[in-house]
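Breakdown of the fold
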Amino acid sequence: MKIHYTCEHCGEAIDVIEVDQIDEVRFGFDILTTEERNQLITVDPLTNAMHVQSLCDACIESLGVADEGFASLVASRPLIH
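None of these values were measured; they are calculated from a predicted model.

Things to note about unusual backbone geometry
- The phi dihedral of N48 is positive, around 55°, even though this residue is not glycine.
- Relative to the helices and strands, N48 is located in the loop between β3 (41-44) and β4 (49-54).

Quick look at the structure:
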């Protein structure tokens, strides 16, 4: 399955990876609520692809979410991409 990561703020493509199976813990999806999953992740069974909304590095910086609180959250969880 291909996983397409797109910045939800600017719409820029971040990355595309191909995996045999989706490991929710490895990709950090396990920390999302049901509502967040519904907003951020879509699956297209026809193309065997998952589309994940995230934030690109430039938007993390421009939105000011690169502060210590965000950094500690990211450091404690596996990276999504």
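A word on the sheet that holds β3
- Taken together, four strands build an open sheet; the order of strands is β2-β1-β4-β3 and the sheet is mixed. Both outer strands of the open sheet, β2 (13-18) and β3, are each paired with one neighbouring strand and no more. Neighbour to neighbour, the strand axes of the sheet diverge by 15° on average, direction disregarded.
- Judged from the five bridges that link them, strand β1 (residues 2-7) and β2 form a sheet pairing that is antiparallel. The residue bridging T6 from the neighbouring strand is A13, located in β2.

Thresholds applied
- Residues numbered from 1 in each chain as written.
- Predicted model: local features only at pLDDT ≥ 70, side-chain atom pairs only at ≥ 80, totals over all residues.
- Heavy atoms only, no water.
- Helix = DSSP H or I, 4+ residues; strand = E, 2+ residues; numbered from the N terminus.
- Pairing = 2+ DSSP bridges.
- Axes fitted to C-alpha atoms, helices over the stretch in contact; angles between N-to-C directions.

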